[in-house]
4 protein chains.
Amino acid sequence: MQTFVCPDLDILEVKTLRHKLTPRPSPFTKDNNAGAGFVGDKDRIRLHTVEYESELSSGAACGNGVVSGEDDTCLMLPEWAIRSGPRDTIYFEPSQVTAAIVTCGGLCPGLNDVVQNIVFTLTDYGVPEDQIIGIRYGLAGFYNKGAKPVTLTRQTVDGIHLKGGTMLGTSRGGANIEEIVRRIDLWGLDMVFVVGGNGGNAAANAIQEEIARQARDVKCVVAGVPKSIDNDILLIDKCFGFDTAVEEAQRALLAAKVEAASGRRGLGIVKLMGRNSGFIAMEASMASGVVDVCLIPEIKFDQKKLLAHVGSILDRKGHCVICVAEGAGQDLVNQEGKGGTDASGNAILKDIGVFLRDTLKGHFKDQADIKYIDPSYLIRSIPTTSNDRIYCKVLGQGAVHGAFSGYTGFTAGLVNTHYVYLPIETIIQAPRKVNPTGRRWNRLKTAINQPDLH
Amino acid sequence: MQTFVCPDLDILEVKTLRHKLTPRPSPFTKDNNAGAGFVGDKDRIRLHTVEYESELSSGAACGNGVVSGEDDTCLMLPEWAIRSGPRDTIYFEPSQVTAAIVTCGGLCPGLNDVVQNIVFTLTDYGVPEDQIIGIRYGLAGFYNKGAKPVTLTRQTVDGIHLKGGTMLGTSRGGANIEEIVRRIDLWGLDMVFVVGGNGGNAAANAIQEEIARQARDVKCVVAGVPKSIDNDILLIDKCFGFDTAVEEAQRALLAAKVEAASGRRGLGIVKLMGRNSGFIAMEASMASGVVDVCLIPEIKFDQKKLLAHVGSILDRKGHCVICVAEGAGQDLVNQEGKGGTDASGNAILKDIGVFLRDTLKGHFKDQADIKYIDPSYLIRSIPTTSNDRIYCKVLGQGAVHGAFSGYTGFTAGLVNTHYVYLPIETIIQAPRKVNPTGRRWNRLKTAINQPDLH
Amino acid sequence: MQTFVCPDLDILEVKTLRHKLTPRPSPFTKDNNAGAGFVGDKDRIRLHTVEYESELSSGAACGNGVVSGEDDTCLMLPEWAIRSGPRDTIYFEPSQVTAAIVTCGGLCPGLNDVVQNIVFTLTDYGVPEDQIIGIRYGLAGFYNKGAKPVTLTRQTVDGIHLKGGTMLGTSRGGANIEEIVRRIDLWGLDMVFVVGGNGGNAAANAIQEEIARQARDVKCVVAGVPKSIDNDILLIDKCFGFDTAVEEAQRALLAAKVEAASGRRGLGIVKLMGRNSGFIAMEASMASGVVDVCLIPEIKFDQKKLLAHVGSILDRKGHCVICVAEGAGQDLVNQEGKGGTDASGNAILKDIGVFLRDTLKGHFKDQADIKYIDPSYLIRSIPTTSNDRIYCKVLGQGAVHGAFSGYTGFTAGLVNTHYVYLPIETIIQAPRKVNPTGRRWNRLKTAINQPDLH
Amino acid sequence: MQTFVCPDLDILEVKTLRHKLTPRPSPFTKDNNAGAGFVGDKDRIRLHTVEYESELSSGAACGNGVVSGEDDTCLMLPEWAIRSGPRDTIYFEPSQVTAAIVTCGGLCPGLNDVVQNIVFTLTDYGVPEDQIIGIRYGLAGFYNKGAKPVTLTRQTVDGIHLKGGTMLGTSRGGANIEEIVRRIDLWGLDMVFVVGGNGGNAAANAIQEEIARQARDVKCVVAGVPKSIDNDILLIDKCFGFDTAVEEAQRALLAAKVEAASGRRGLGIVKLMGRNSGFIAMEASMASGVVDVCLIPEIKFDQKKLLAHVGSILDRKGHCVICVAEGAGQDLVNQEGKGGTDASGNAILKDIGVFLRDTLKGHFKDQADIKYIDPSYLIRSIPTTSNDRIYCKVLGQGAVHGAFSGYTGFTAGLVNTHYVYLPIETIIQAPRKVNPTGRRWNRLKTAINQPDLH
């Protein structure tokens, strides 16, 4: 069980650059955003929404702390977060603003949607189109030669919400924070929007800190939009693109079911995303209704027990579908001595899908007809479904509203169905994980009749 | 602005039949639902999650009451609701239980999913398959001749979650409560599950009251699963099937955009569901990103202003897409004197889609190329997307857990991302509506640049 | 039964402008289109492919003539047509060519694909991008003020094959041929590509004739790409967009099935395209596997017999799905005296869908739960499925190859699985129709057990 | 270039068992299949439809022989084939018929459709439902213990056309023909329907020959329905399931495009089906419009030239998409000495996809961002698109009509858009291949600007 302690505050405050900036009224008039259209600076959203009768209640293992979304991770947190949305007072003169947008890390449905809505909202405020730039291929695009930033107009982003991928390009890997801040200064950027995962958010945080640290007067706010197809960002109800990913992932599970059921003692294996957290595997298994075994990183399994369980399913039903998250069973794969860490210090994941396929083939020999499916790139690259599309819109808008409000080092997110601003440093403490004693996992276990396999 | 007052309680309690029933331990053992798998009877979910700085904040028009989902309707409510889920103590001997399931009202994606999961969960508890019956074609199926109830086994509901519609059949219209209770008594039903809209829930409530009223000892609990493709049920974050409906609805909007943009001064009109509430129209417009004008029942519009606005869009962009909820502009249509109420006292809606089409044709004559699309039946009848499929599963499971816990007159629902049990009478007080000064509507207005049209 | 007589020729020749033009070698070199890559000018495709044992054979009603596609229309025709494809000799200097593309008539999936591939192939030949123009909103775009032609580059058409509609815009209605030829002369056009239906092809033919008639030396070839979502073009195996339309149309039929089966004595009615020919209704009914009654323009039906048949289906199955082509039953609708012709002399079709809905409602009253679906605009506007996308590519390429070969007044098409050039005047003699005694209709009748209803 | 010689006949005759059987009139009456509804026994379809001007014409490399579909394989063939369809005379008393259906080989969209329509048509003739059996998991299901045949009723096959896979199950591998014939005799089968690929058709042929060879009086006809997702069956216009497969395959190509375009020097590789023939790779590349390099088994490529070409694309466009058929480049992979043949003597294909991925990674190192997608199981398992669904229906019906006509050792197929019966032995002579000098391949090469890579 993870427990994170936050400073004993009533509200989870967000850093601002307001002291360096000049307030002025929002350009939104009565006509387009009248009266109650503005969000109060002191509006607040409650983070604590569940109270358990006792520690025995499902999900209550860490006491009456906060449980983000549905009881998956427990956190000690302040009671409130601040609300996202447009303020009546802003801290930048829109016509003078230069803003940059960058997408980083692996693909996730919704990147284009977020980029589009940051551009739309900036121009709604009145930022001139030729002062909005898109950094190419991730954070390194700030300083890499060869791929110059592009200008982002309403027209260049028109219709991109219906396309997968990111029109800006993306890349993995660390970033040179100093070089980035040098460019921010050089180019006179007032706002930098970073759409990225834990790495991207960490970089965004480092950029903000580097800006704060420097003597020279860089007045640039940094806003993050947390992207994780694994859905493993702390506190956030659900990451953008997650619903879309689950929708596509369960198509692969349904295909595996067809393959398995059409073969004699057919065994379909689908490997899904999820390095540290099994949310996609869990939810896609639940949605598909055809999975017999679901393996996630949070819960170890014993190889012998797994083989026996699969064998009994084959005997009983005639076929079996296994859904495995890429981060599951790493202890088994690494037993084989292939482990290690990469240059960035991340554990190199062994391919649990291939390992399972080979192990099951070795075990069942011709007593199972095994089909292995790895649909990851097909899932990452699709356009968003409607609810993700709306979600991305609001996140993109929220990031811009926050930036104009002078907030920095913050991220826009959805908590308990409400849009809030959160400090980046809070959400990147650790990946969010499936709670093995929470209701969600329990519901899946019950639904697929999965015994303890460890 | 709607305001509903509830008894000044700390918790929104749910009625029970426990006093008439015998408690016993849940059949779920350590193996399939261990320890923290049970939900405490006193676990509670907070209903109040937003606090506004002042009445000027977006959505705060009714003060610091509760705002379900995102700030659409304000309610005076208790602070807490009780949590949904399996209890360690149950009040029926599963092997003795006879249960009935009925679906009623118009089609909505997810009906089959809910039915399937009620059957699955009942049999998980140990209810014999031949003691689960499905009522055909709505509540009248309890007593109508010609369409006998069917037995529902795990096999009869296998795979139905991938199909649209309802395998039980459905119908609109009032029900004879006394006749239904007579059958409940006659058939020895212990549990009745009603999957329906406001009408169905009202009937479920009436059945529960009639059972409570009667001298004779009918020990049957009544559980509702609120169904509204319009998403207009009070308190619930989102009704099942709504996301699916929005996904399909925006396809029609994208088609209208193609038609409009391919014609000279092309004008595409799409009529969507939404008798009292414009959620589908609002969200599908937001998701599609192609709508120019969105008309919902909550906000009146002036015909002349609309015509002028559409004309200016045609002049500027060359084409225009209008999304109209079926309940919008009823005052205009009824001006023509075609109004009235039906046998049940409901206002008979005039066809605003056809009215708009004809009015716009009359106004623009050959200066607009008008295409009118009414996709309602195509939207209602599709299978669920993944998140709705999961949602329906949990609702179906929750209804059964609640019934075994002895609750009655209750409904399962999702509030602030947590599953709760709510008294039916609370949620049927009135339809939930879009808040004209809330953030959602404001976001759409800003996104599509829609001026006030009234 | 339709019978068309063609001049008693061995080959169905196509007109050329070669006498006015200078031959030169194709720019395609060994490297990109080597050797056998060219199509011989005398390559020929056989039009006659079936020989019937006797007049009693299914489809043989008109003797051993030619039956296009599958035995739907019988034609007296020459034995051969000329083959489509690039020639080694061309008649225009690519760098000097100015070409125009126009789309006309109602939307049909594939318009963008055809436009894209005409542009791609023109530039493959070496036509400069700024010498390719797109006429806006149909043939009237040649002379209408307000919507100037656009320049079509490889970039402007990039990706449009994944979008529905036509990027050029389209319109219905007659065209002023003289005005068009005046613009062809004025703008120095060498090639005009008309993507349109019977009307568009007739106009293309008239343009070619007007060019031929004129004394002044307009050396412009006219190529057609026959577009008919109804699939009613003579001789052609299948019109582009037809497969896509059937795919989408059967979704509406499956939705109607869900609606019908979920209602008590549910009756789903779907109106599909098909003014003169019932191909979409027939094929979508066949594909869906859920239709009980299929009504097409080619086969009259008696209202009483229909009502009796529908009643018997409702009695037997409990629900019924009717698929009706828009041109079916016009005699019944017109009985009501609403008929007439429009300005162009076309019969104004009465809405048979609404008529059926109302007639069935009047007949069955509350003994049927009727749902009526009109999905036409949703079908017309979708992007192409893969086989249509490929088909459109080849048609677009073929039109350009033919134009460079100096052919004029011709159309590219697929006959007996081979691509050919046909004289426009031949294919516009009459709409192609479903053969009531052919195998296709017989297969559907057998499949859905439909008796004679006339 | 492949050339196959057939006996110098005018018509490609099909074997019959009529001499052992008794003719009787078809049960189809005037009402459901009147008059021209029957196909004449002497109706014939022309196999030769193209005549080339010279050997230089595209596709004419083997002279004026027959070119099936579009010029991909040249065959010396008789002029005519016999027409498929119901005859007025049949050779089995329907009420006495016992029939078996078996599906074999890998999955292909449409298996369920074919099975369904064989069952539907058998019962249309009047075969009692309990006399139709389905063999489980391929031909071995005739004699394997453990998986007994199932009875196939109209109800058991209801709705299966909307599901992927095969409800009968399937398997690869050789079959014991004698054991099968023993069961045919034992069970008194009159008709055996084999839905399978080259292997299944060969087995069907062998069964027919074994029946013919045997002294004892087995009067069972054997009908094949050729299944090949690779589309490599001789003579047939297109195999069922092929269009569906291409539709799904191009989705993977579009995903690869998104991945490639979103990465810096992104390189997407998609491996598609196609052991001997590159039809899926070629058509999906054509349909997608996003492929830069297409590699098929018919055309060797030089590794160095490929690397250079890919490098130049990356330099020019910034990203590259490669589509490779599984049978392509086997000489390169086998250089590595991993080749061999399996127990059945088939060459064991090395994984060209993985080979390419690793070779390209080794070559470009960090100068390319490589994403590899293998979507095969996702493609095989989906339900049919509409045109395949119709095609499967007609094939299934045709197989039953042929069987009732007393034909044996035959297969139903589509040639030059007409349905015919062909002798199995003719179509299994060799796999059909893409013609490297034909128009289709040329069109793709031109479209994607692919130079000769060998």
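What counts and what doesn't
Residues numbered from 1 in each chain as written. Chains lettered and ligands numbered in written order. Predicted model: local features only at pLDDT ≥ 70, side-chain atom pairs only at ≥ 80, totals over all residues. Heavy atoms only, no water. UniProt positions renumbered as here; feature names shortened; annotations may be inferred. Phe/Tyr/Trp six-rings, centres within 6.5 Å; stacked < 30°, edge-to-face > 60°. Helix = DSSP H or I, 4+ residues; strand = E, 2+ residues; numbered from the N terminus. Buried < 20%, exposed > 50% of the residue type's maximum accessible area, 1.4 Å probe, protein only. Pairing = 2+ DSSP bridges. Axes fitted to C-alpha atoms, helices over the stretch in contact; angles between N-to-C directions. Contact = heavy atoms within 4.5 Å. Buried area = accessible area lost by both parts, 1.4 Å probe. Salt bridge = Lys/Arg side-chain N within 4 Å of Asp/Glu carboxyl O. Polar contact = N/O pair within 3.5 Å; in protein donor to acceptor, adjacent residues only side chain to side chain. Nonpolar A, V, L, I, M, F, W, Y, C, P; charged D, E, K, R; others polar.

- As recorded in an unreviewed UniProt entry, chain A goes by the name Phosphofructokinase domain-containing protein, listed as coming from Monoraphidium neglectum.
- Turning to chain A, the UniProt record has this under Catalytic activity (unreviewed entry): "beta-D-fructose 6-phosphate + ATP = beta-D-fructose 1,6-bisphosphate + ADP + H(+)".
- One UniProt comment on chain A, placed under Cofactor (unreviewed entry), says "Mg(2+)".

## Some words on the packing of aromatic side chains
For any two aromatic rings, the description comes down to two numbers: the centre-to-centre distance and the angle of the planes.
All names here are of chain D.
So, step 1. If you walk through the whole model with that rule in mind, you get 32 aromatic pairs over all chains.
So, step 2. Ring centres 4.0 Å apart and planes at 15 degrees place the aromatic pair Tyr-125 and Phe-404 in the stacked group. A residue pair is termed long-range when its members are at least 10 positions apart, and Tyr-125 in helix α2 (residues 111-125) and Phe-404 in helix α11 (residues 386-404) qualify at 279 residues. Side by side, Tyr-125 and Phe-404 carry an identical accessibility label, which is buried.

## Some words on the sheet that holds strand β14 (residues 266-272) of chain C
Residues and elements named next belong to chain C.
So, step 1. If you walk across this open sheet you meet the 4 strands as β15-β16-β14-β17, and the pairing is parallel. Every interior strand has two partners, whereas the edge strands, β15 (293-295) and β17 (369-373), have only one. Mean inter-strand twist for the sheet, computed between neighbouring axes without regard to direction, equals 15 degrees.
So, step 2. As paired elements, β14 and strand β16 (residues 319-325) share 7 bridges and run parallel to each other. Bridging from a neighbouring strand, Ile-269 pairs with Ile-322 of β16.
So, step 3. In the packing of helix α5 (residues 242-262) onto the sheet, contacts are made with β14, β16 and β17, and the angle to β16 comes to roughly 150 degrees.
So, step 4. Packed on one face of the sheet, helix α7 (residues 303-317) meets β14, β15 and β16 and runs near 145 degrees to β16.

## Details of the interface of chain B and chain C
So, step 1. Each partner contributes to the interface: chain B provides 30 residues, whereas chain C provides 30 residues.
So, step 2. A buried area of about 2400 Å², summed over both sides, lies between chain B and chain C, and 54% of it is on carbon and sulfur atoms.
So, step 3. Ranking the residues of chain B by area buried against chain C places B:Ser262, B:Arg264 and B:Tyr377 at the top, with a combined share of 28%.
So, step 4. One salt bridge connects C:Arg380 with B:Glu259, and the closest N-O pair in it is separated by 2.8 Å.

## Details of the interface of chain C and chain D
So, step 1. In this assembly, 68 residues from chain C lie in contact with 69 residues from chain D.
So, step 2. With both sides pooled, the region where chain C packs onto chain D buries about 5500 Å², and carbon together with sulfur makes up 46% of that total.
So, step 3. Between the two partners, chain C and chain D, sit 36 residue pairs in polar contact (both at pLDDT 80 or more).
So, step 4. A per-element tally of the side of chain C that touches chain D places helix α11 (residues 386-404) of chain C first, with 8 residues.
So, step 5. Residue classes in the side of chain C that touches chain D are distributed as 18 nonpolar, 27 polar and 23 charged.
So, step 6. By the bridge criterion, 2 bridges tie strand β4 (residues 50-51) of chain C to strand β3 (residues 44-46) of chain D in an arrangement that is antiparallel.

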